[in-house]
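Per-entry structural report
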Amino acid sequence: MVTATAATPGTRKQFDWYSRDCENYMLKGISPLLGPDLLATLCRMGHGDELVLADAHFPGESAGPSVLRLDGVSIDPLLHAILPLFELDNFVDDAVVMMQVVEGDIADPTVGSGYRELLDRYVAKPPEIQFLERFSFYERARQAFAVVMTGDVRKYANLILKKGVTPPATIG
């Protein structure tokens, strides 16, 4: 669980990023992890555009696209905040992509299983997570709409999300 302390006049308040109770946030139903820059980015993305959620090791600044920084935040709570608002592309096989573990290296198996759990929770038809070789992942990230650099220190926690078309039933 990730928490942060936010100052309010005369008090200090704890935010629980996994909480669904948003009554004390500035926007109802929207996690405070999704600040104005990230919300604007998600809104400006069109179908087929990709968003990279990058771990702290990722070379985001040299990848090319616009970079937003969320240092100190892990990808799991960020994905938890994004998925209820973000329609994944359900017309492609690679709507969700992780970086493949380099041969001989070891990755934390809870990274992928945590993403799987969140996809299953928030996506009506959750896609399979695809894997790309490290340098292919970097190349694809260069074509992304934006990179969100997080403070997630787990190796191979990088994730690419491809935006789909928001269904008319959810608009308005």
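Residues numbered from 1 in each chain as written. Predicted model: local features only at pLDDT ≥ 70, side-chain atom pairs only at ≥ 80, totals over all residues. Heavy atoms only, no water.

1. Observations regarding the overall build of the protein
Helix and strand counts for the protein come out as four helices and eight strands. The 172 residues of the protein split such that 42% are buried. Partitioning the contacts of the protein with sequence separation of at least 6, the portion at a separation of at least 24 is 78%. For the protein, the accessible area works out to roughly 9600 Å², and carbon and sulfur atoms hold 54% of it. (Helix = DSSP H or I, 4+ residues; strand = E, 2+ residues; numbered from the N terminus. Buried < 20%, exposed > 50% of the residue type's maximum accessible area, 1.4 Å probe, protein only. Contact = heavy atoms within 4.5 Å. Areas by Shrake-Rupley, 256 points an atom, 1.4 Å probe, with all protein chains shown as cover.)

2. Side note on the confidence of the model for the protein
Close inspection of predicted coordinates is inappropriate in any region flagged by low pLDDT. Overall, the prediction assigns the protein a mean pLDDT of 85, with 83% of residues at 70 or greater. Predicted confidence is poor over residues 1-24, with pLDDT under 50, and the contacts of this stretch with residues over four places away or in other chains come to 41 contacts. (pLDDT = per-residue confidence, 0-100.)

3. Considerations on the pairing of strand β3 (residues 50-54)
Where burial is concerned, most of β3 is hidden: five out of the five residues are buried. Where burial is concerned, the two faces of β3 agree: the one with Glu50, Val52 and Ala54 and the one with Leu51 and Leu53 are both buried. Two strands pair when backbone bridges link them, and β3 and strand β7 (residues 146-150) are joined in this way by four bridges, in the parallel orientation. From the neighbouring strand, Leu51 faces β7, where its bridge partner is Ala146. (Pairing = 2+ DSSP bridges.)

4. Examining the pattern of salt bridges
As enumerated under the stated definition, the model contains eleven salt bridges in all. A salt bridge links Glu117 to Arg121; its shortest N-O distance comes to 3.4 Å. Here the residue Glu117 and the residue Arg121 both occupy positions in helix α3 (residues 109-122), the gap between them amounting to four residues, near one helical turn. Judged by its relative accessible area of 48%, Glu117 falls in the partly exposed class. In this structure Arg121 comes out as partly exposed when scored by relative accessible area, which is 45%. A salt bridge links Glu139 to Arg142, with the nearest nitrogen and oxygen atoms 3.2 Å apart. In this pair, Glu139 and Arg142 are both assigned in helix α4 (residues 134-142), three residues apart and thus about one turn of the helix distant. One connected set of salt bridges, linked through shared partners, spans Glu50, Asp94, Arg140 and Lys162. (Salt bridge = Lys/Arg side-chain N within 4 Å of Asp/Glu carboxyl O.)

5. Quick notes on α4
The complete set of buried residues in α4 reads Phe137, Tyr138, Arg140 and Ala141. Looking straight down α4, one finds that the buried residues subtend no more than 165° of arc, so they occupy a single side. Close packing links the buried residues of α4 with β3, β5 (96-99), β6 (130-132) and β8 (159-162). Backbone nitrogen of Phe135 and a side-chain oxygen of the N-cap are separated by 3.1 Å at the start of α4; the cap is Glu133. (Arc of directions from axis to C-beta. Polar contact = N/O pair within 3.5 Å; in protein donor to acceptor, adjacent residues only side chain to side chain.)

6. Concerning the pairing of β5
Of the two faces of β5, the one lined by Val96 and Met98 and the one lined by Val97 and Met99 are each fully buried. Note: β5 against β6, three bridges, orientation parallel. Of the residues in β6, the one forming a bridge with Met98 is Phe131. Viewed along the sheet, the connection from β5 through α3 into β6 turns out right-handed. (Right-handed = clockwise from strand over helix to strand, strands pointing away.)

7. Considerations on the sheet that holds β7
Taken in spatial order, the six strands line up as β4-β7-β3-β8-β5-β6 in an open sheet, and their pairing is mixed. At either margin of the open sheet sits one strand with a lone partner, and together these are β4 (66-70) and β6. Taken over all neighbouring pairs, the strand axes of this sheet differ in orientation by 25° on average, direction set aside. Taken together, the three bridges between β5 and β8 define a ladder with antiparallel strand orientation. (Axes fitted to C-alpha atoms, helices over the stretch in contact; angles between N-to-C directions.)

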